[in-house]
Amino acid sequence: MSKLSVTPLEPSVPPRLPAGPRLPTLVSAALFAFARRPFFTTLQRRYGDAFSIPLPGIGRAVVVCHPDLVKAVFTADAAVLHAGENPLGDVLGRGSIFALDEEDHLRERRLLLPAFHGDRMRVYEELVEEEALRAMAAWPDGEEFPTLPSFNAITLRVILRAVFGAAGDELDELEDLLPEATALGQRMVVAPALRRDLGRRSPGGRLKRLRSRYEELVGRLIDGCLADPELSQRTDVLAMMLQAGQDGGGEVDRTAVANELLTLLVAGHETTASSLAYAVERLRRHPLVLRRLEEEAETGDSTYRAATILELLRHRTIIGGTGRRAVVPVQLGEWRIPARTMLFPALATIHDDTRFHAHAEGFDPGRYVDAKPGTYTWVPFGGGRRRCLGASFALFELEIVLRTMLRHFDLEPTNRRAERQSFRGLAYAPSDGGLAVVRRRPVPRHGDAVASVATEVPRAAAAPAAAAGCPVAH
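Notes on the structure follow. Everything quoted here is computed from the prediction, not taken from an experiment.

This paragraph deals with the environment of glycine 333. Among the structural elements, glycine 333 can be located in the loop between strand E7 (330-332) and strand E8 (335-337). Look at glycine 333 and you get partly exposed, because its relative accessible area is 29%. Here the alpha-carbon distance between glycine 333 and glycine 366, two residues 33 residues apart in the chain, equals 35 Å.

Written out as structure tokens, the structure reads:
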């Protein structure tokens, strides 16, 4: 496919959309939400690398599933294709980077990006390992259990401590409150009618009360940050946001800050936890891969573990796609796309394409041992100027949690059928929660590893309040 770009057209130019199925809109919407991967693969085989589908409230949307087309969409002028007009941005509210476009988005991205720079990752290693040990201490020995709840607990606490700067009572209450709030919010992304406040028992009414309490807690965290004489030395993301606001000389927009913190949690909490649960599900069914990872865990090397993570994100893509809305009529290859049309780069479909990944149906970490993934053939974090801010941290967190598990536990293989991919409202996760059977190791595999899971006491619980108020950032 020749070099492509998205270019504006005159409004008078007649549209020419890719072909697509004549499905009832609700049927297409259900397949899009709950069976997107096989749905798109089937349509790609019939219609090619671009096709259109009907979606409620959107009309005829255009799906693209070739790296050149995806690159053209991701690198298009921000004034031509918008990403901020989406249900998730509507739920998260004003100030969320998901709801911003053009200069507003770029300004917010520049504010947040330093906190997630790859060079900073090693600062967060102890925090991630500590939270992994805390959760894994409760794993039963020799009994089957779903790992997803543990991984959700790990990623939630890491974000609350490192991004929110939370500790003590605020950490405990946010840890209790946010899972329910985010679950309700995800339901409202899929079904916007649920957002209406119809009383205390309605989803909209319940979320409104949870959001009110959430903003109160974030307000306390903001007050604590602003009163901290060591604010300039803090590395949590909230502190960095407030410092940037002070440098600009403006008042703190507390609602916008609360919405942005919630955005970072939604983007990095359940998504990373689902990938970890998938790692367990995949490794149990690939004993040779598991054995090689265990042998590597005896050393200080991480080459094969890093390759396994890259392959995991390709093979079990958590976020199957993303959207852009045409602000004006645009030309994309041979197609003329009308204004207001949604374009969906089908990321998981590219990951499944044997043109770009040999034996794409298989789970083969070896493909990334001596080769880097392609920029637009490996796209679990999207691409272009809206590529996931936390990509480096997500890869780092996956590495540390998997390393901790491999060093402290023997994971029992299985010959059961693979767990189905289950849609959870935002991301996909293994249908049974990544079932595992583990055996606790009396001595960690690597000699310089921290204390055994069986005896580790999370340091956060014993830290003095003053020190806990400024955790290591993530």
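It is worth spelling out the environment of serine 212 at this point. Its location among the elements puts serine 212 in helix H9 (residues 203-227). Along the sequence, serine 212 and arginine 440 sit 228 residues apart, while their C-alpha atoms lie 42 Å from each other.

The element strand E2 (residues 50-55) is extensively covered by neighbouring structure, given that six of its six residues are classed as buried. With burial as the criterion, each face of E2 is covered, one bearing Ala50, Ser52 and Pro54 and the other bearing Phe51, Ile53 and Leu55. One ladder, built from six bridges, connects E2 with strand E3 (residues 59-64); its direction is antiparallel. Pairing of phenylalanine 51 across the sheet is with valine 63, part of E3. Here E2 folds back onto E3 in antiparallel fashion, the turn holding three residues, of which glycine 57 has a positive phi close to 75 degrees.

It is worth spelling out the pairing of strand E9 (residues 342-345) at this point. When a strand is regular, its side chains alternate between the sheet's two faces. Alternating positions in E9 separate into two faces, Met342 and Phe344 on one and Leu343 and Pro345 on the other, with burial throughout. Where E3 and E9 come together, three bridges link them in parallel fashion. Note that in E9 the partner of valine 63 across the bridge is phenylalanine 344. In this structure, strand E6 (residues 324-326) lies alongside E9, joined through two bridges in antiparallel fashion. Across the sheet, residue arginine 325 finds its bridge partner in E9, namely methionine 342.

If you trace the five strands from one edge of the open sheet to the other, you get E2-E3-E9-E6-E4, paired in mixed fashion. This sheet does not close on itself; its edge strands, each paired only once, are E2 and strand E4 (81-82). Across the sheet, helix H3 (residues 67-74) is in contact with E2, E3, E4, E6 and E9; its angle to E9 comes to roughly 130 degrees.

Looking at the element boundaries, arginine 282 is found in helix H12 (residues 270-284). Arginine 282 sits in the buried class, given a relative accessible area of 6%. Reaching out from arginine 282, the side chain makes a polar contact with the side chain of histidine 315 at a distance of 3.3 Å. Leaving out residues up to four positions away in the same chain, arginine 282 has contacts with Leu312, His315, Arg316, Phe363 and Ala418.

Quick notes on the rules
- Residues numbered from 1 in each chain as written.
- Predicted model: local features only at pLDDT ≥ 70, side-chain atom pairs only at ≥ 80, totals over all residues.
- Heavy atoms only, no water.
- Helix = DSSP H or I, 4+ residues; strand = E, 2+ residues; numbered from the N terminus.
- Buried < 20%, exposed > 50% of the residue type's maximum accessible area, 1.4 Å probe, protein only.
- Pairing = 2+ DSSP bridges.
- Contact = heavy atoms within 4.5 Å.
- Axes fitted to C-alpha atoms, helices over the stretch in contact; angles between N-to-C directions.
- Polar contact = N/O pair within 3.5 Å; in protein donor to acceptor, adjacent residues only side chain to side chain.

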